[in-house]
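A look at the structure
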Amino acid sequence: MRPRIILTCAILMLLSLNLRAAQATDSRKMYVESFTINPGETKTLELRGVTDFALGGFQVRVKLPEGLSFAKSKAKYANLYDYEDEGNEIYPSWMIFNREVLSADDPNTPQDDTGALTLLCAKWNGEGSYTQGTDYCYLTFYVKADATYDNSQKILLYNMKLSNEEGSESYPLNDLYVATDGTENYEDDNLAKKVWIEPFLIEAGESKIVDVKVKSDISFAGLQANILLPSELSFTPIDGTSYIAAAEPFTEWDYFNSNLRSADHLRVISLSYSPEAEALSAGTYTLGSIQVTASEDASGECAITFTDGSLSTPDGTRNAIDNTEATVTISTQTAVSDITVSNTTINIVNGAIMVSDATSIQVYTLSGALVGTTIVTNVEPGYYIVVADGIARKVAVK
């Protein structure tokens, strides 16, 4: 078995990369080809890549939509790797250090990453060969469609990076949505730098804690943003005094402060300026958590807005980021099985929520997580909130 020190050094090489932003191009990309899959079918998918430099490592997270699941929890090595059998254990010359499906039971797993397959791979020093230019199959993985999957959803590849052979530079790639109906894939056209909250659902009169996220395509050592609430919501101290609870790694930064400038305006600033609190590499992070309370008479949709945000590089260069909005749905409804609202009908059929004659559809769990936006949403048994054309209803799926 190889010495542990080699594995440790290789991991540290990947985790301490000096990141350089780059767009995915024909000469530098990672992808999965679009495909079609039948209900109940298991499909083998190839994660492929192209580089214009000698590749020394890569990382990616794979998030499946409702109706698809990983048929096996671990990816299989493909033709990029050399094999070597040592005591009934396989050690390719490239080693995948992390190839797990992130669990909701792990307190370190952000809600948005629950169920994602994480793949982190680096080359063993001095062994095997680096790849450049050729379109390689990096590895394969398996997905299975449930009995009602309708091919309307897409697989998300995100947190993608390619690193050079020395491990001194890494190149973030745009998020990629992989079509499961055979149509073309498309890249995420969201902002490369942003602070935001995912859309969520809240009951009238309820207080809810939600995560604030930050995304950057550059290394950064400072950030600031204004969080503005609509009249239907108010800030509630998350621990009795603070209005935002910092998450790692921002807890290690030298300065993290929030200032409630008015009832609906929270200013957040965080800075790292000492050698012990290093800048963060390009990527997506959880900045912290805020708690909001919906008024007793609130209902319908509203929006939380992030304004006047910026990310600062280690040398102090300020990079402004555009405003973002998070849609919040406030519900006051009770549970039913089949309902008709105006011309919109919501039915529960074979474990799926079906919405007809609606131009806008959102399906949430009771915790507020968005799980579907299409006519048919396959879900596990339980209670869900369906928002059709702005009207919210709670439904029971048995």
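Looking only at helices and strands, one finds one helix and 36 strands in the protein chain. Here the protein chain holds 398 residues, and 49% of them are scored as buried. Taking as baseline every contact in the protein chain between residues at least 6 positions apart, the subset at least 24 positions apart corresponds to 71%.

In this structure, I197, I227, L233, F250, I290 and I304 are the most contacted members of the largest nonpolar core, which totals 34 residues. Counting residues per element, the ones that place at least two in this core are strand 17 (200–203), strand 18 (207–216), strand 19 (222–228), strand 20 (233–236), strand 23 (265–271), strand 24 (283–294), strand 25 (300–312) and strand 27 (324–331). Among the elements that line this core, the one with the most residues is strand 24, at five residues. Within the second largest apolar cluster, 32 residues are counted, among which are V32, L45, L55 and L176.

Rolled over the atoms, a probe as big as a water molecule pinpoints where empty space is left. Scanning the entire structure with this criterion turns up four cavities of 30 Å³ or more. If you trace the largest cavity, you find it lined by V195, A225, F306, T307, D308, G309, I321, D322, N323 and T324. When residues in the lining of the largest cavity are grouped by element, the largest group, four residues, is from strand 25. Its residues assigned to classes, the lining of the largest cavity comprises four nonpolar, four polar and two charged.

Bridge count between strand 2 (residues 29–31) and strand 3 (residues 42–50): three bridges; the pairing is antiparallel. By the bridge assignment, M30 is partnered in strand 3 with G49. Where strand 3 meets strand 11 (residues 136–145), eight bridges bridge the pair, whose relative direction is antiparallel. Bridge pairing links L45 to F141 in strand 11.

To continue, consider the packing of aromatic side chains. The tally for this structure, following the rule as stated, stands at six aromatic pairs. On the numbers, 5.1 Å between centres and 65° between planes, the contact of F250 with W253 is edge-to-face. Residue F250 is classed as buried on the basis of its relative accessible area, which comes to 1%. Just above the ring of Y31 sits the side chain of K29; from NZ or CZ to the centre is 4.8 Å. Stacked on the ring of W196, the Lys or Arg K194 has its end atom at 4.3 Å from the ring centre.

We now examine the side chain of T307. Position of T307 relative to the elements: it lies in strand 25. Accessibility expressed as a relative area gives 12% for T307, which makes it buried. In this structure T307 touches A225, N226, L228 and N323, once residues within four positions along its chain are discounted.

Moving on: the pattern of salt bridges. All chains considered together, the criterion is met by five salt bridges. Across the pair R28 and D52 runs a salt bridge, and its minimum N-O distance is 2.8 Å. Placement of the pair is R28 in the loop between strand 1 (18–19) and strand 2 and D52 in the loop between strand 3 and strand 4 (55–63), with a sequence separation of 24 residues. Assessed through its relative accessible area of 16%, R28 is described here as buried. Ionic pairing is found between K215 and D175, a salt bridge with its closest N-O pair at 3.7 Å. With K215 in strand 18 and D175 in the loop between strand 13 (169–172) and strand 14 (176–179), this residue pair connects regions lying 40 residues apart in the sequence. Here K215 falls in the buried class, since its relative accessible area comes to 16%. Within the structure, one salt-bridge network assembled from shared partners comprises E46, R48 and D135.

Reading guide: rules and limits
Residues numbered from 1 in each chain as written. Predicted model: local features only at pLDDT ≥ 70, side-chain atom pairs only at ≥ 80, totals over all residues. Heavy atoms only, no water. Helix = DSSP H or I, 4+ residues; strand = E, 2+ residues; numbered from the N terminus. Buried < 20%, exposed > 50% of the residue type's maximum accessible area, 1.4 Å probe, protein only. Contact = heavy atoms within 4.5 Å. Core = buried A, V, L, I, M, F, W, Y, C linked by side-chain atoms within 4.5 Å. 1 Å grid on protein atoms, 1.4 Å probe; cavity = no way out; pocket = protein on both sides within 12 Å on 5 of 7 lines; lining within 4 Å. Points joined across faces, edges and corners; volume = space filled by probe spheres on them. Nonpolar A, V, L, I, M, F, W, Y, C, P; charged D, E, K, R; others polar. Pairing = 2+ DSSP bridges. Phe/Tyr/Trp six-rings, centres within 6.5 Å; stacked < 30°, edge-to-face > 60°. Lys NZ or Arg CZ within 6 Å of the ring centre and 35° of its normal. Salt bridge = Lys/Arg side-chain N within 4 Å of Asp/Glu carboxyl O.

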